[in-house]
Amino acid sequence: AQSVTQPDIHITVSEGASLELRCNYSYGATPYLFWYVQSPGQGLQLLLKYFSGDTLVQGIKGFEAEFKRSQSSFNLRKPSVHWSDAAEYFCAVRYGGSQGNLIFGKGTKLSVKP
Amino acid sequence: EPEVTQTPSHQVTQMGQEVILRCVPISNHLYFYWYRQILGQKVEFLVSFYNNEISEKSEIFDDQFSVERPDGSNFTLKIRSTKLEDSAMYFCASSEARTASYNEQFFGPGTRLTVL
């Protein structure tokens, strides 16, 4: 079955440090990739998405992600983390030709130390 | 900025009771979805809906579940006889179209369902 793997359940970084959250997806037809953020008690907010073209995509709040087809990865990065970035981050994929439903990873919880 | 809204934000019900979760998708969107997230677990797809019929559903979406678009604005998820394991956060989402360029799904804030 098609799946998304986020290998890190919980990551803690210091404020101002760089961040990389990993995401791998199982091989399938053309993947459309997404990163969502969920703050406590809140819904899912789209950070960025990749459909085609430039493999480095920019999102909101200073986040970026790079699609690497050879590694089936779509890692999320931020050069300098802010305390307000503490949240849970979900990687999701939709495959070309599917009806549109997203397949989510289990999420990575990000904690930020002062 | 248009957004997906959901009501109620929290629903508490007794096991065996019927519940209806309500969603108002973004007005020009054509595709509607329900997902759920059991506490501490990943978000799981339940069902997608287009042109007044179900497009796709997951294994989770059994005969206890149904969806409906009763009017031009609301999209509902009904659980006929709730079980303890139905306790979860339920997210509604909508998208403008299925094609890649526009298939960004916008999520509502969720309804937390607690079954006692």
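Residues numbered from 1 in each chain as written. Chains lettered and ligands numbered in written order. Predicted model: local features only at pLDDT ≥ 70, side-chain atom pairs only at ≥ 80, totals over all residues. Heavy atoms only, no water.

Undergrad: Break down the overall build of chain A for me, citing the residues and quoting the values.
TA: Helices and strands together make up the secondary structure of chain A, namely 0 helices and 12 strands. By its C-alpha atoms, chain A is 45 × 30 × 20 Å across when sized along the principal axes. Per-residue burial for chain A yields a buried fraction of 50% across its 114 residues. Contacts spanning at least 24 positions in sequence make up 55% of the contacts within chain A whose residues lie at least 6 apart. Summed over its atoms, the accessible surface of chain A is roughly 5400 Å², and 49% of this surface lies on carbon and sulfur atoms. A gap of 5 Å separates the mean positions of the 11 positive and 8 negative side-chain charges of chain A. (Helix = DSSP H or I, 4+ residues; strand = E, 2+ residues; numbered from the N terminus. Buried < 20%, exposed > 50% of the residue type's maximum accessible area, 1.4 Å probe, protein only. Contact = heavy atoms within 4.5 Å. Areas by Shrake-Rupley, 256 points an atom, 1.4 Å probe, with all protein chains shown as cover. Lys, Arg positive; Asp, Glu negative; His and termini not counted. Charge placed at Lys NZ, Arg CZ, Asp CG, Glu CD.)

Undergrad: Got a sec to walk through the pattern of salt bridges? Specific residues and values, please.
TA: Residues and elements named next belong to chain A. Evaluation of the coordinates by the stated rule reveals 6 salt bridges over all chains. In this structure, aspartate 8 engages arginine 22 in a salt bridge whose closest nitrogen and oxygen atoms are separated by 2.9 Å. Of the two residues, aspartate 8 is situated in the loop between strand E1 (4–5) and strand E2 (10–14) and arginine 22 in the loop between strand E3 (19–21) and strand E4 (24–25); the sequence distance between them amounts to 14 residues. In this structure aspartate 8 comes out as buried when scored by relative accessible area, which is 18%. Here arginine 22 falls in the partly exposed class, since its relative accessible area comes to 38%. (Salt bridge = Lys/Arg side-chain N within 4 Å of Asp/Glu carboxyl O.)

Undergrad: Account for the interface of chain B and chain A, with residues named and values stated.
TA: Of the residues lining the interface, 20 residues belong to chain B; the matching set on chain A comes to 20 residues. Of the roughly 1800 Å² buried where chain B meets chain A, counting both sides, 54% is carbon and sulfur surface. Scanning the region where chain B abuts chain A turns up 1 salt bridge. Ionic pairing is found between glutamate 104 of chain B and lysine 49 of chain A, a salt bridge with its closest N-O pair at 3.1 Å. Summed over the shared surface of chain B and chain A, the result is 4 residue pairs in polar contact (both at pLDDT 80 or more). Only strand E4 (31–37), strand E5 (43–50) and strand E6 (53–57) of chain B provide two or more residues apiece to the side of chain B that touches chain A. (Buried area = accessible area lost by both parts, 1.4 Å probe. Polar contact = N/O pair within 3.5 Å; in protein donor to acceptor, adjacent residues only side chain to side chain.)

Undergrad: How would you explain the packing of aromatic side chains if you had to name every residue and give the values?
TA: One pass over the full model with this rule turns up 21 aromatic pairs over all chains. Summarising the aromatic geometry, the rings of phenylalanine 49 of chain B and phenylalanine 75 of chain B are spaced 5.2 Å apart at their centres and angled 40° between planes, so their arrangement reads as tilted. Residue phenylalanine 49 of chain B is located in strand E5, and its partner phenylalanine 75 of chain B is located in strand E8 (residues 75–79); the two are separated by 26 residues in the primary sequence. A relative accessible area of 5% means that phenylalanine 49 of chain B is categorised as buried. Here a set of aromatic residues connected by ring pairs shows up, and it is made of Tyr32, Phe34, Tyr36, Phe51, Phe90 and Phe104 of chain A together with Tyr33, Tyr35, Phe45, Phe91 and Phe107 of chain B. (Phe/Tyr/Trp six-rings, centres within 6.5 Å; stacked < 30°, edge-to-face > 60°.)

Undergrad: Give a description of the pairing of strand E5 (residues 31–38) of chain A that names residues and reports values.
TA: All names here are of chain A. Most of E5 sits inside the fold, with 8 of its 8 residues counted as buried. With burial as the criterion, each face of E5 is covered, one bearing Pro31, Leu33, Trp35 and Val37 and the other bearing Tyr32, Phe34, Tyr36 and Gln38. Bridge analysis of E5 against strand E10 (residues 87–95) gives 8 bridges, and the strand direction is antiparallel. Along E10, the bridge assignment pairs phenylalanine 34 with alanine 92. (Pairing = 2+ DSSP bridges.)

Function cannot be inferred from these measures alone, as they are strictly geometric.
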